[in-house]
Amino acid sequence: MKKGSDNTRRTHIVAVLLWFGLFSAAATVMFFTALITWLSELMHSSVAALSVVGALLAIAALVLYLTSVRSAVERLRDGAETIYSVARGARDIYNWVLDKYRFLSLLLTLLRRGKR
């Protein structure tokens, strides 16, 4: 009974999040449409209104990138570098063990030939 209840809760949460995303996107589109319409009436030019709103959005995106996204990207890059350094270390250890195995195999082969 609990298992079905958990699945129903998860489905409900996903549905609520999807509706939230849909309504948020619709509200954002409606807000910017109203803003551009108001500015175009104020400026008597749709192109100028679109340019102003586009410039403001570009500045907002740049500020958002500089304040939060860049640090997240740097953390991801540092994590990737750590993974690569661990992989290089594992490869070096593997090659070291392989060299020792080859040396011991060659030594064993030479010892076997000497017994004959």
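Residues numbered from 1 in each chain as written. Predicted model: local features only at pLDDT ≥ 70, side-chain atom pairs only at ≥ 80, totals over all residues. Heavy atoms only, no water.

Student: Give a description of the overall build of the protein that names residues and reports values.
Tutor: Within the protein, the secondary structure is distributed over two helices and zero strands. Over its C-alpha trace the protein gives a radius of gyration of 32 Å, far above what one expects of a compact globule, namely 13 Å for 116 residues. Seen through its C-alpha atoms, the protein measures out along the principal axes to roughly 100 × 50 × 20 Å. The proportion of buried residues among the 116 residues of the protein is 3%. Accessible surface, the protein as shown: approximately 10400 Å² in total, 70% of it carbon and sulfur. (Helix = DSSP H or I, 4+ residues; strand = E, 2+ residues; numbered from the N terminus. Rg over C-alpha atoms; globule rule 2.2 N^0.38 Å. Buried < 20%, exposed > 50% of the residue type's maximum accessible area, 1.4 Å probe, protein only. Areas by Shrake-Rupley, 256 points an atom, 1.4 Å probe, with all protein chains shown as cover.)

Student: How would you explain unusual backbone geometry if you had to name every residue and give the values?
Tutor: For residues other than glycine, phi is negative in most cases, and the peptide bonds are mostly trans. Even without being a glycine, His 44 presents a positive backbone phi close to 60 degrees. As for its position among the elements, His 44 is in the loop between α1 (2-43) and α2 (46-115).

Student: Residues and numbers for the packing of aromatic side chains, please.
Tutor: Geometry of an aromatic ring pair is reported as the spacing of the ring centres plus the angle between the planes. Tallied over the entire structure, the rule returns two aromatic pairs. With a centroid separation of 5.2 Å and 70 degrees between ring planes, the pair formed by Phe 31 and Phe 32 is classed as edge-to-face. (Phe/Tyr/Trp six-rings, centres within 6.5 Å; stacked < 30°, edge-to-face > 60°.)

Student: Account for the environment of Ser 5, with residues named and values stated.
Tutor: On the secondary structure map, Ser 5 appears in helix α1. Residues Ser 5 and Leu 57, 52 residues apart in the sequence, show an inter-C-alpha distance of 43 Å.

Student: Describe the environment of Ser 71, with residues and values.
Tutor: Note on placement: Ser 71 falls in helix α2. Given the relative accessible area of 30%, Ser 71 is considered partly exposed. Polar side-chain contacts of Ser 71 include one of 2.9 Å to the backbone oxygen of Ser 68. (Polar contact = N/O pair within 3.5 Å; in protein donor to acceptor, adjacent residues only side chain to side chain.)

Student: Could you give an account of the side chain of Ser 40, naming the residues involved and the relevant values?
Tutor: Relative to the elements of secondary structure, Ser 40 occurs in helix α1. Classification of Ser 40 as buried rests on a relative accessible area of 16%. In this structure the side chain of Ser 40 is engaged in a polar contact, spanning 2.8 Å, whose partner is the backbone oxygen of Thr 37. In contact with Ser 40, other than residues within four places in its own chain, are Ser 45, Ser 46 and Ala 49. (Contact = heavy atoms within 4.5 Å.)

Student: So, the pattern of salt bridges: which residues are in play, and what are the values?
Tutor: Using the criterion set out here, one finds one salt bridge in the structure. Here Asp 92 ties to Arg 91 by a salt bridge, and the two come within 3.9 Å at their closest N and O atoms. (Salt bridge = Lys/Arg side-chain N within 4 Å of Asp/Glu carboxyl O.)

Student: With reference to specific residues and values, describe a nonpolar patch on the surface.
Tutor: Taken together, the side chains of Trp 38, Leu 42, Met 43, Val 52, Leu 56, Ile 59 and Val 63 make up a nonpolar region of the molecular surface, amounting to roughly 670 Å² of accessible area. Listed by contribution, the elements that provide at least two residues to the nonpolar patch are α1 and α2. Residue contributions to the nonpolar patch peak at four residues, all from α2. Position of Met 43 among the secondary structure elements: in helix α1. (Patch = residues over 30% accessible without salt bridge, like charges linked within 9 Å, V, L, I, M, F, W, Y side chains within 5 Å.)

Interpretation in functional terms is not warranted from these geometric data alone.
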